[in-house]
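Per-entry structural report
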Amino acid sequence: MLPWLPERPVSFPPVSQALRDPDGLLAAGGALTPQWLLTAYRRGIFPWYSDDQPILWWSPDPRMVLFPDALRISRSLAKRLRNADFRVTFNRAFAATVDACAAPRPGQPGTWITREMRSAYIDLHRLGYARSVEVWQGERLVGGLYGVALGPVFFGESMFSQARDASKVALVHLVRAMQQGNGRLIDCQMHTRHLASLGARDIARAEFIGYLEECLAKPISTSGSHPLPDWPLPEVDPCAETISAFK
């Protein structure tokens, strides 16, 4: 039986209890407050559900990840990075990026980025944890991605593209920023061919949790600059901060 989580206290079952079918479904219920979300990400858990469902929490096995040094740039993408008239920004249009990611896509009847999810991640963005990368052609937003940044880990949530390779360009700039800022891991959550083509790979959930615990146990260097400033350091408890911020 799938565990049902009350709104309080904030507590998840061990990820080892996640179902095999559907892969990674761990629990239902809880809430989408910053405390719930940040607790989930620190434990390798993320929310994913549709409008006609309760909040569902997942921790799939295997887990797709991208190590920054493993990024694979094809010749065509390298040419696009050199020659396309793209302009890339960070955290300049977070809500617009989320909205673009939520827009209906060919072959999909709806979106998992519900109104409640949108509001929850905008709250995280206001607190400094949710970040976006935006790709522009002139003044038009044509690609981007968003996710949650904790220490040297970026938990990717969604990406979109309205111009050829625009989402890939966003990912390349995210990786470059992480390399400059000593970022160590990008969580891609579920396997996709798109991300695999860029160097992401599947690892066992237990291995992912091990990497996560190691990354969040040690602060990253704050020397030098990079386009994702002020990443919350793991020695600062984000849950305690968010409780006080939302009282």
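Everything discussed here concerns the structure shown above.
Just so we're clear, the structure is a prediction, and the values are computed from it rather than from any experiment.

Once that is clear, we can look at the side chain of Ser 132. Residue placement: Ser 132 occurs in strand β7 (residues 130-137). Engagement of the side chain of Ser 132 in a polar contact is seen with the side chain of Glu 134, the distance being 2.5 Å. Not counting chain neighbours up to four residues away, the residues in contact with Ser 132 comprise Thr 89, Phe 90, Asn 91, Arg 92, Ala 93, Phe 94, Thr 97, Leu 145 and Tyr 146.

As a further point, take the pairing of strand β5 (residues 63-66). Neither face of β5 is left uncovered, since the one carrying Arg 63 and Val 65 and the one carrying Met 64 and Leu 66 both have all their residues buried. Pairing of β5 with strand β11 (residues 201-203) involves three bridges; the strand directions are antiparallel. The partner of Met 64 across the bridge, within β11, is Asp 202.

Most of strand β8 (residues 140-150) is tucked away, with 10 of its 11 residues classed as buried. Sheet topology places β7 next to β8; eight bridges connect them, and they run antiparallel. If you follow Arg 131 over to β8, its bridge partner there is Gly 147. In sequence, β7 turns back onto β8 through a hairpin of two residues, with Gly 138 there showing a positive phi of about 65 degrees. With eight bridges connecting them, β8 and strand β9 (residues 153-161) associate as antiparallel partners.

This part covers the sheet that holds strand β4 (residues 56-58). Across the sheet, four strands lie side by side as β1-β2-β4-β3; this open sheet has mixed pairing. Only two strands of the sheet have a single neighbouring strand rather than two, namely β1 (4-5) and β3 (46-47). Examined bridge by bridge, β1 and strand β2 (residues 25-29) share two bridges and lie parallel to one another. In the strand pairing of β2, Trp 4 is matched with Ala 28.

Contact geometry of helix α1 (residues 34-42) with helix α4 (residues 115-127) gives a least axis separation of 10 Å together with a crossing angle of 80 degrees. In terms of orientation, α1 and α4 fall into the roughly perpendicular class. For the pair formed by α1 and α4, the contact residues are Pro 34, Leu 37, Leu 38 and Tyr 41 on the first element and Ala 120, Tyr 121, Leu 124 and Leu 127 on the second. A class-by-class count of the residues in the contact of α1 with α4 yields eight nonpolar, no polar and no charged.

Before going further, it helps to examine the packing of helix α2 (residues 75-83) against helix α5 (residues 166-180). A pair of packed helices is characterised by two quantities: the angle between their axes and the separation of those axes. For the pair α2 and α5, the least separation of the axes is 11 Å and the interaxial angle reads 85 degrees. It follows from the interaxial angle that α2 and α5 lie roughly perpendicular. The segment α2 lies against α5, with Leu 77, Arg 80 and Leu 81 engaging Lys 168, Val 169, Val 172, His 173 and Arg 176. Residues that form the contact of α2 with α5 fall into these classes: four nonpolar, one polar and three charged.

Inspection of every chain in the model, using the stated rule, returns eight aromatic pairs. Between the aromatic rings of Trp 36 and Trp 57, the centroid separation amounts to 6.0 Å while the plane-to-plane angle is 25 degrees, which identifies the pairing as stacked. In this pair, Trp 36 is assigned in helix α1 and Trp 57 in strand β4, connecting sequence segments 21 residues apart. Trp 57 carries the same exposure label as Trp 36, and that label is buried. Measuring from ring centre to ring centre gives 5.9 Å for Tyr 121 and Tyr 146, while their planes differ by 70 degrees; the resulting arrangement is edge-to-face. In this pair, Tyr 121 sits in helix α4 while Tyr 146 sits in strand β8, placing the two residues 25 residues apart along the sequence. Through a chain of ring-to-ring contacts, three or more aromatic side chains come together here, namely Phe 12, Trp 36 and Trp 57.

What counts, and where the lines are drawn
Residues numbered from 1 in each chain as written. Predicted model: local features only at pLDDT ≥ 70, side-chain atom pairs only at ≥ 80, totals over all residues. Heavy atoms only, no water. Helix = DSSP H or I, 4+ residues; strand = E, 2+ residues; numbered from the N terminus. Polar contact = N/O pair within 3.5 Å; in protein donor to acceptor, adjacent residues only side chain to side chain. Contact = heavy atoms within 4.5 Å. Buried < 20%, exposed > 50% of the residue type's maximum accessible area, 1.4 Å probe, protein only. Pairing = 2+ DSSP bridges. Axes fitted to C-alpha atoms, helices over the stretch in contact; angles between N-to-C directions. Parallel < 35°, antiparallel > 145°, perpendicular 65-115°, else oblique. Nonpolar A, V, L, I, M, F, W, Y, C, P; charged D, E, K, R; others polar. Phe/Tyr/Trp six-rings, centres within 6.5 Å; stacked < 30°, edge-to-face > 60°.

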